[in-house]
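Structural overview for review
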Amino acid sequence: MKAMNSSGSAHRGLNEWLLQRLSALYLAGFMLWLLLQLTIATPANYVAWKAWMATGSARLAFALFFLSLLVHSWVGMRSVFLDYLKPLWLRSAAQLLLVFGLLALAFWAAQILLVEARP
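The present account deals with the structure reproduced in this document. (Residues numbered from 1 in each chain as written. Predicted model: local features only at pLDDT ≥ 70, side-chain atom pairs only at ≥ 80, totals over all residues. Heavy atoms only, no water.)

Points about the packing of aromatic side chains
Per the counting criterion, the structure on display carries 9 aromatic pairs. Centre to centre, the rings of Trp52 and Phe62 are 6.0 Å apart; their planes meet at 85°, and the pair counts as edge-to-face. Of the two residues, Trp52 sits in helix 2 (residues 46-53) while Phe62 sits in helix 3 (residues 56-84), which places them 10 residues apart along the sequence. With a relative accessible area of 19%, Trp52 lands in the buried category. Following the ring pairs from residue to residue traces out a cluster consisting of Tyr26, Phe30, Trp33, Trp49, Trp52, Phe62, Phe65, Phe66 and Trp108. (Phe/Tyr/Trp six-rings, centres within 6.5 Å; stacked < 30°, edge-to-face > 60°. Helix = DSSP H or I, 4+ residues; strand = E, 2+ residues; numbered from the N terminus. Buried < 20%, exposed > 50% of the residue type's maximum accessible area, 1.4 Å probe, protein only.)

Some thoughts on the pattern of salt bridges
Two side chains carrying opposite charge are able to pair once their charged atoms lie near each other. Tallying each qualifying case throughout the model produces 1 salt bridge. With a closest N to O distance of 2.8 Å, Arg78 and Glu16 form a salt bridge. Taken together, the residues span a long stretch of sequence, with Arg78 in helix 3 and Glu16 in helix 1 (residues 10-40) at a distance of 62 residues. The same class applies to Arg78 as to Glu16, namely buried. (Salt bridge = Lys/Arg side-chain N within 4 Å of Asp/Glu carboxyl O.)

Focus on the nonpolar core
Phe30, Trp52, Met53, Phe62 and Phe66 are the most contacted members of the largest nonpolar core, which totals 13 residues. Those elements that place two or more of their residues in this core are helix 1, helix 2, helix 3 and helix 4 (88-116). Those residues in contact with Met53, other than ones at most four positions away along the chain, are Ala58, Arg59, Phe62, Leu113 and Ala117. (Core = buried A, V, L, I, M, F, W, Y, C linked by side-chain atoms within 4.5 Å. Contact = heavy atoms within 4.5 Å.)

Quick word on the packing of helix 3 against helix 4
Close contact between helix 3 and helix 4 brings their axes to 11 Å; oriented N to C, the two are set at 175°. By the angle class used here, helix 3 and helix 4 are roughly antiparallel. In contact with Arg59, Phe62, Ala63, Phe66, Leu70, Ser73, Trp74, Met77, Arg78, Phe81 and Leu82 of helix 3, helix 4 contributes Arg91, Ala94, Gln95, Leu98, Val99, Leu102, Leu105, Ala106, Ala109, Leu113 and Leu114. Of the residues that constitute the contact of helix 3 with helix 4, the class distribution is 17 nonpolar, 2 polar and 3 charged. (Axes fitted to C-alpha atoms, helices over the stretch in contact; angles between N-to-C directions. Parallel < 35°, antiparallel > 145°, perpendicular 65-115°, else oblique. Nonpolar A, V, L, I, M, F, W, Y, C, P; charged D, E, K, R; others polar.)

Remarks on a nonpolar patch on the surface
Judged by side-chain polarity, Leu14, Trp17, Leu18, Leu22 and Leu25 come together as a nonpolar surface patch covering roughly 530 Å² of accessible area. Here Leu18 is to be found in helix 1. (Patch = residues over 30% accessible without salt bridge, like charges linked within 9 Å, V, L, I, M, F, W, Y side chains within 5 Å. Areas by Shrake-Rupley, 256 points an atom, 1.4 Å probe, with all protein chains shown as cover.)

Okay, here's the thing in structure tokens:
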């Protein structure tokens, strides 16, 4: 009889499910926070917008937003690819394109947060 030491792939699915739900919660909360912020104190021009984005709390909130968006996208699309793209070459190509796309978005977000929004 086979030993039951291995946790198998069931825990991996649970981790992905948890990542998907936690990132979705943050994304929803962030959107509510952003709408509230923009309703209460809408930046009048680019200089005011840049000053608001230069604050530590706004930069942190946006950094966590971009991170959550990338994680949420990766987990969701990977699950779709695994479920619906049966040929290995097609699944691998789709995942590779997704990785490059998400990396491009990550670098773009880093440029916004580190270069454009600096004080």
